[in-house]
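Each chain is listed here by its residues.
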Amino acid sequence: MPQTRVVVVGSANMDLVGAAPTLPRPGETVLGSDFVMVPGGKGANQAVAAARAGASCAFLGAIGSDAFGVTLRARITAAGVDTRHLRVSYGTSGVALIMVDAEGENTILVAPGANATLTGLTEDELTCVREADVLVAQLEIPVETVTTAALAARAAGTRVVVNAAPARQVPAELLAAVDVLVVNEVEARALTGRGREDPRALLELVPRAVLTLGGQGAWYVDRDGAHEHVPAFVVDVVDSTAAGDAFTAALAVGWGEGRDLPDAVRWAAAAGAACVRKLGASVALPHRPEIDQLYAG
C-alpha cells in the first residue's frame, strides 16, 4: 500500500518545558525538577507525528532567522518530514513556555514570532497542498492562511482535517471547507457554546467532528447519524502537552490509509495515549509500532 501523503500547514515553536510537583499560582515561585528544550508548535508536532505514524509528510510553516530556527529545521527534517516549503523569516522563531505538574497537566504561553508571518501561500505551496491525500491545519498561524490552504485542498479533492486550536472563532468560509473538525471541550465551547453534553452541536458547523476529552476518551459524530464514544487507553500519564497533536495526526493518517473514521479515531486515541507517557512535545510523539501495540491491546 502506498504511503498516505499528508501536508501540514501550521506553526513551529521551540518548546521550553519545565516540570514541577504543582503549577505555580499567580505571584508564586515553584521549585521545578526537570527541564527540556525541544521543537514543538502544533503544526510541527502534527507533521512529525504524521511521519512517525507512517505517512509521507510535508510541512508548510515559518521559522525565525535565530538559533532556534536552525534547530527547528534540523530536528523536523531529521524526523522524516519534507521541509522544502519551510520559510525563514527575519527575527525570532515561535517560542512556547510550558509548565507541567506531577499529574501531567500543563499551562502554555506561546509567543508566535515567525509564525505570524505565514501569510499567503505561493503557487508551489498550493500545489503541494493539492497533491496531498489529506491536509491538516490548526489555528496557531493566521487564519486567512489556513482558509486559503483549505479552499485549495477542497477544490482539488484533498481531504481537510482542521484542529481548531487554540480556541477561537473560525470563519464560515473555512468551516465550509472542513471535512473533519477536531476540538477539545474548551474549543468546542468557543465554537458552539456546548461541550461534552452535546457533541452533535458541532455538526451545525461541519459534516464530521471529533470531540476529545483527555482521559475520558473522545466522541465521533457525523451528519449520517454516527454518535460514537471512543474510550481512552489507560496509561501512566507523564506529560499531556502533545497528546492532541499525536491524536490529530494519527487520525489523518489512519483515515488517509482507508480506515473508516470511527476506527481511525480509535487508532488516534492509541497515538494520544502513547504520547502522554513521555515528557516533552515532539520527543514524545509515538512511532507507528507504539501506536499499533496499544491499539491491539
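In this text, all values refer to a predicted model and were calculated from it rather than measured experimentally. (Residues numbered from 1 in each chain as written. Predicted model: local features only at pLDDT ≥ 70, side-chain atom pairs only at ≥ 80, totals over all residues. Heavy atoms only, no water.)

## What to know about the layout of surface pockets
The line we're drawing: Using a 1 Å grid laid over the protein atoms alone, points where a 1.4 Å probe fits but cannot get out form a cavity; open sets with protein on both sides within 12 Å along at least 5 of 7 lines form a pocket; any residue with an atom within 4 Å of a point counts as lining. Grid points are joined across faces, edges and corners, and a volume is the space filled by probe spheres set on the points. Working definition: helices are DSSP H or I runs of at least four residues, strands are E runs of at least two. Numbering for both runs from the N terminus. Under the scheme applied, nonpolar residues are Ala, Val, Leu, Ile, Met, Phe, Trp, Tyr, Cys and Pro; charged residues are Asp, Glu, Lys and Arg; polar residues are all the others, including Gly.
Its boundaries defined by the atoms lining it, the largest pocket holds a volume of some 1300 Å³. Contributing to the lining of the largest pocket are 48 residues, with Gly214, Ser240, Thr241, Ala243 and Gly244 lying nearest its centre. By residue number, the principal contributor to the lining of the largest pocket is helix α7 (residues 243–256), which donates 5 residues. Empty space within the second largest pocket amounts to approximately 160 Å³. Taken together, Arg5, Val6, Val7, Ser56, Cys57, Ala58, Asp82, Arg84, His85, Cys128, Glu131 and Ala132 make up the lining of the second largest pocket. Counting residues per element, the ones that place at least two in the lining of the second largest pocket are β1 (5–9) and β4 (56–64). Of the residues assigned to the lining of the second largest pocket, the class counts are 6 nonpolar, 2 polar and 4 charged.

## Some remarks on the environment of Val162
The line we're drawing: Only protein chains enter the calculation, and the probe is 1.4 Å; a residue is then buried if its accessible area is under 20% of its type maximum, exposed if over 50%, and partly exposed in between. A contact between two residues is defined here by any heavy atoms of the two lying within 4.5 Å.
Inspection of the secondary structure assignment puts Val162 in strand β9 (residues 159–163). Under the relative-accessibility criterion, Val162 is labelled buried at 2%. Expressed as a C-alpha distance, the spacing of Val162 and Val136, which sit 26 residues apart in the sequence, is 5.8 Å. Residue contacts for Val162: discarding those within four places in its chain leaves Ala137, Leu174, Val178, Val180, Leu181 and Val182.

## Here's the deal with unusual backbone geometry
Keep in mind that most residues, glycine aside, have a negative phi and that most peptide bonds are trans. Geometrically, the link from Ala165 to Pro166 is a cis peptide bond, its omega value of 0° lying close to zero. Within the fold, Pro166 resides in the loop between β9 and α5 (172–175).

## Details of the packing of aromatic side chains
Rules: For Phe, Tyr and Trp, where Trp contributes only its six-membered ring, two rings pair if their centres lie within 6.5 Å, and the inter-plane angle classes them as stacked under 30 degrees, edge-to-face over 60, or tilted in between. In this scheme, Lys NZ or Arg CZ marks a charge over a ring once it lies within 6 Å of the ring centre and within 35 degrees of the ring normal.
Tallied over the full model, the rule gives 0 aromatic pairs. Here the guanidinium or amino end of Arg159 rests over the ring plane of Trp255, the centre of that ring lying 4.3 Å away.

## Remarks on the pattern of salt bridges
Cut-off, in case you're wondering: The term salt bridge refers to a side-chain nitrogen of Lys or Arg lying within 4 Å of a carboxyl oxygen of Asp or Glu.
For the structure on display, the rule yields 19 salt bridges. With a shortest N-O distance of 2.7 Å, Arg84 and Asp82 are connected by a salt bridge. The exposure class of Arg84 is exposed, given its relative accessible area of 69%. Arg266 is the salt-bridge partner of Asp263, the closest N and O atoms lying 3.7 Å from each other. Separated by 3 residues within a single helix, Asp263 and Arg266 lie in helix α8 (residues 261–275), roughly one turn from each other.

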